[in-house]
Protein chains: 2
Amino acid sequence: MQPIAFIVSDGTGITAETFAHSILSQFDLKFRLIRVPFVDSADKAYTTLNDINHAAELGGSRPIVFTTLVNSESNEIVKRSNALVLDMFQTFIEPLEQELRVKSSHAMGRGHQAADTEAYKNRIEAINFSLTHDDGQSHLNLKEADVILVGVSRSGKTPTTLYLAMQYGLKAANYPLIPEDFERGKLPTPLLTHKSKIFGLSIDPHRLAEIRNERRPGSKYASLENCRYEVNEAQALMRRENIKWLSSTHKSIEEIAATILQEIRLDKPSY
Amino acid sequence: MQPIAFIVSDGTGITAETFAHSILSQFDLKFRLIRVPFVDSADKAYTTLNDINHAAELGGSRPIVFTTLVNSESNEIVKRSNALVLDMFQTFIEPLEQELRVKSSHAMGRGHQAADTEAYKNRIEAINFSLTHDDGQSHLNLKEADVILVGVSRSGKTPTTLYLAMQYGLKAANYPLIPEDFERGKLPTPLLTHKSKIFGLSIDPHRLAEIRNERRPGSKYASLENCRYEVNEAQALMRRENIKWLSSTHKSIEEIAATILQEIRLDKPSY
């Protein structure tokens, strides 16, 4: 019987789900994950308690329950369930209260996911900026950009800029490096005055050919020979221009983003 | 003196940072957050230990350290630091091992952020799908869409579809509802065969006018009167067509996404 894991949150439960998933993926078992978001009242806590107990009766083993309930009353209700309850909130709040010698506010929805905050508005603005500055579409307001990614077509620039905007509220533009740039041996002209903000993505030519062939099968654009040429030229150009770059071949957008933040020290200093 | 919080991870540390942030935001203190990603060797663990101890000497109080180190050796090294160490990994792995009566793999980078997995490829494909199906740009392959958002211009469709794609690997298209649709009294024709996948976003006309005025100040498009007309018509159309919808006015994209998943039961059943 497949073990069941509940994620019970008074907010969206998205962070808790991602976190629970990374913990559960340490076990060679396939879990059924049930996210229960917006449990923001005692009533909903009781419903959740019943759902968990019902699953416990049906299943062969006790469910696993991750909770991130800020409200103590709801938390106590859910904890009564016939399950292994892992309290991701209280477990850390208590030692923090002792260490900091202050009480926590126990207020719901104070994370960066709350709308109506300045940080949230910045994130939405950054997403819009990244969309309008995707693939070199616009040269306007490049001075507002926090980072400008460059690289050959299909090296992973677009998803990375969107991720940087969505997760960090960074205004991330991206510019393709194309054969015309290689012939001139120079970066695209609009970028020349923003060199300190540029970061490069490269990619293994075989992987690039694979990706491009999905889009335009059999084209010159997708051929291994052309991919090799473009990648070599792009790397030579970035070396010449002293631009930091990484290979996106085996990296996820999260890993690319985290590396870029480390390299260009864009980490926001405080919350 | 501002308290310092380190987030030490052998991966990107992004989930841990989001989680730590939501816990720390329960305190009325401004923390300096330092993410230390990619601590994947004993050497890097020692460097991190030194950095933490250095901060402890400089600061007035012990730093707070959140760790998500899968590697036990690195974890033990960082735990020796002069800090309150909150172990977000081991704290939950141990009770889980006992409950499930299996040992965890202690393998790094097995979360959904790892590239080279099927789930990751689906996410990238979903991001590309959502970009090419933004704002009704393409009617092609709508049958592949997991969800199609509709709503008046600037009601929050684009960031939400991108978020659904990025976080959940869902192919999310979006379609604007425009005055032509209201005059015809019908949904855009390409959508008529996909009604079960449609979800609507509405928005308070005052907020809409505000947002539109930032884009096109003083235009008819942005006027309160026109925003009221469009929102009323869109809501009437959605009611008539039996389309579920929510108001995005005070909701973040995370909250909108979590609600949509609940409503249309798109939650992936298992990992």
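Bear in mind that the values here come from a model prediction, so they are computed numbers and not experimental data. (Residues numbered from 1 in each chain as written. Chains lettered and ligands numbered in written order. Predicted model: local features only at pLDDT ≥ 70, side-chain atom pairs only at ≥ 80, totals over all residues. Heavy atoms only, no water.)

1. A look at the domain arrangement of chain A
- Partitioning chain A into structural domains gives domain 1 (4–100) and domain 2 (118–264).
- For domain 1 of chain A and domain 2 of chain A, the distance between their C-alpha centroids amounts to 39 Å. (Domains from an automatic or database assignment.)

2. What about the layout of surface pockets?
- Estimates place the volume of the largest pocket at around 1500 Å³.
- Lining the largest pocket are 49 residues, and of these Arg154, Pro159 and Arg215 of chain A together with Ile124 and Asn128 of chain B lie nearest its centre.
- Looking at the lining of the largest pocket, the elements with two or more residues in it are helix H5 (118–132), helix H6 (157–168), helix H8 (205–215) and helix H10 (253–264) of chain A together with helix H5 (118–132) of chain B.
- Ranked by residue count, the leading element in the lining of the largest pocket is H5 of chain B, at eight residues.
- Of the residues that constitute the lining of the largest pocket, the class distribution is 15 nonpolar, 17 polar and 17 charged. (1 Å grid on protein atoms, 1.4 Å probe; cavity = no way out; pocket = protein on both sides within 12 Å on 5 of 7 lines; lining within 4 Å. Points joined across faces, edges and corners; volume = space filled by probe spheres on them. Helix = DSSP H or I, 4+ residues; strand = E, 2+ residues; numbered from the N terminus. Nonpolar A, V, L, I, M, F, W, Y, C, P; charged D, E, K, R; others polar.)

3. Notes on the sheet that holds strand S6 (residues 172–176) of chain A
Residues and elements named next belong to chain A.
- Read across the open sheet, the four strands follow the order S6-S5-S7-S8; overall the sheet is parallel. Of all the strands in the sheet, the pair left with one neighbour each is S6 and strand S8 (245–247). Each strand axis lies, on average, 25° off the axis of its neighbour in the sheet, ignoring direction.
- As defined by bridge partners, strand S5 (residues 147–151) adjoins S6 across five bridges and the pair is classed as parallel. (Pairing = 2+ DSSP bridges. Axes fitted to C-alpha atoms, helices over the stretch in contact; angles between N-to-C directions.)

4. Thoughts on the packing of aromatic side chains
- Within the structure shown, the criterion is met by six aromatic pairs over all chains.
- Ring geometry for Phe19 of chain A against Phe92 of chain B: centres 6.5 Å apart, planes inclined by 85°, an arrangement best described as edge-to-face. You can see Phe19 of chain A sitting in helix H1 (residues 14–24) and its partner Phe92 of chain B sitting in helix H4 (residues 90–100), one on each of two chains.
- Of the residues examined, Phe92 of chain B reaches a relative accessible area of 1% and is grouped as buried. (Phe/Tyr/Trp six-rings, centres within 6.5 Å; stacked < 30°, edge-to-face > 60°. Buried < 20%, exposed > 50% of the residue type's maximum accessible area, 1.4 Å probe, protein only.)

5. Some points on unusual backbone geometry
- One non-glycine residue, Asp135 of chain A, lies in the positive phi region at around 55°.
- Tracing the backbone shows Asp135 of chain A in the loop between H5 and S5.

6. Comments concerning the side chain of Asp181 of chain B
Residues and elements named next belong to chain B.
- Position of Asp181 relative to the elements: it lies in helix H7 (residues 179–184).
- For Asp181, a relative accessible area of 6% puts it in the buried group.
- Reaching out from Asp181, the side chain makes a polar contact with the side chain of Arg184 at a distance of 3.2 Å.
- In contact with Asp181, other than residues within four places in its own chain, are Pro176, Lys186, Leu187 and Pro188. (Polar contact = N/O pair within 3.5 Å; in protein donor to acceptor, adjacent residues only side chain to side chain. Contact = heavy atoms within 4.5 Å.)

7. So, helix H2 (residues 42–58) of chain A
Residues and elements named next belong to chain A.
- The terminal C-alpha atoms of H2 lie 24 Å apart, and with 17 residues this matches the ideal 24 Å at 1.5 Å per residue to within 8%.
- When we look at burial in H2, the residues that qualify are Ala45, Thr48, Leu49, Ile52, Ala55 and Ala56. Buried residues along H2 cover an arc of 130° about the axis, so they all sit on one side. Away from its buried face, by an angle of more than 90 degrees, H2 presents the exposed residues Asp43, Asn50, Glu57 and Leu58.
- In the core, the buried residues of H2 are packed alongside strand S1 (4–9), strand S2 (32–36), strand S3 (64–68) and helix H3 (72–79). (Expected span 1.5 Å × (residues − 1). Arc of directions from axis to C-beta.)

8. Details of the relation of the copies chain A and chain B
- In screw terms, the move from chain A to chain B is a rotation of 180° and a rise of 0.0 Å along the axis, fitting with an RMSD of 0.0 Å. Seen this way, the second copy is the image of the first under a two-fold rotation axis. Closest approach to the rotation axis within chain A is made by the C-alpha atom of Thr15 of chain A, at a distance of 3.3 Å.
- Interface residue correspondence from chain A to chain B reaches 100%, placing this contact among same-surface, isologous pairings. (Least-squares fit on C-alpha atoms with pLDDT ≥ 70 in both.)

9. Quick look at the pairing of strand S6 (residues 172–176) of chain B
- In terms of burial, S6 of chain B is largely enclosed, as five of its five residues are buried.
- Following the chain from strand S5 (residues 147–151) of chain B across helix H6 (residues 157–168) of chain B to the adjacent parallel S6 of chain B, one finds a crossover that is right-handed. (Right-handed = clockwise from strand over helix to strand, strands pointing away.)

10. Re the pattern of salt bridges
Residues and elements named next belong to chain A.
- Under the criterion given, the structure shown has 26 salt bridges over all chains.
- For Arg35, the salt bridge is made with Glu17, and the minimal N-O distance between the two is 3.1 Å. Placement of the pair is Arg35 in strand S2 and Glu17 in helix H1, with a sequence separation of 18 residues.
- For Arg35, a relative accessible area of 7% translates into the label buried.
- Of the charged contacts, one joins Glu241 and Lys195 as a salt bridge, the two residues approaching to 3.0 Å between their closest N and O atoms. (Salt bridge = Lys/Arg side-chain N within 4 Å of Asp/Glu carboxyl O.)

11. Let's talk about the packing of H5 of chain A against H6 of chain B
- Two elements in contact, H5 of chain A and H6 of chain B, have axes whose closest approach is 10 Å; the angle formed by their N-to-C orientations is 85°. The angle between H5 of chain A and H6 of chain B places the two elements in the roughly perpendicular class. For the pair H5 of chain A and H6 of chain B, contact is made by Ile124, Ile127 and Leu131 of chain A and by Thr158, Pro159 and Leu162 of chain B, respectively. (Parallel < 35°, antiparallel > 145°, perpendicular 65-115°, else oblique.)

12. So, the interface of chain A and chain B
- Across the boundary between the two partners, chain A contributes 85 residues, which contact 85 residues of chain B.
- Approximately 7500 Å² of surface area, both sides summed, lies buried where chain A meets chain B, with 64% of it carried by carbon and sulfur atoms.
- Taken together, chain A and chain B are joined by four salt bridges.
- A salt bridge links Arg123 of chain B to Glu254 of chain A; the shortest N-O distance between them is 2.7 Å.
- Where chain A touches chain B, the interface holds 12 residue pairs in polar contact (both at pLDDT 80 or more).
- Taken together, the elements giving at least two residues each to the side of chain A that touches chain B come down to H1, S2, S3, strand S4 (84–87), helix H4 (90–100), H5, H6 and H10 of chain A.
- Class assignment for the residues of the side of chain A that touches chain B results in 40 nonpolar, 25 polar and 20 charged. (Buried area = accessible area lost by both parts, 1.4 Å probe.)

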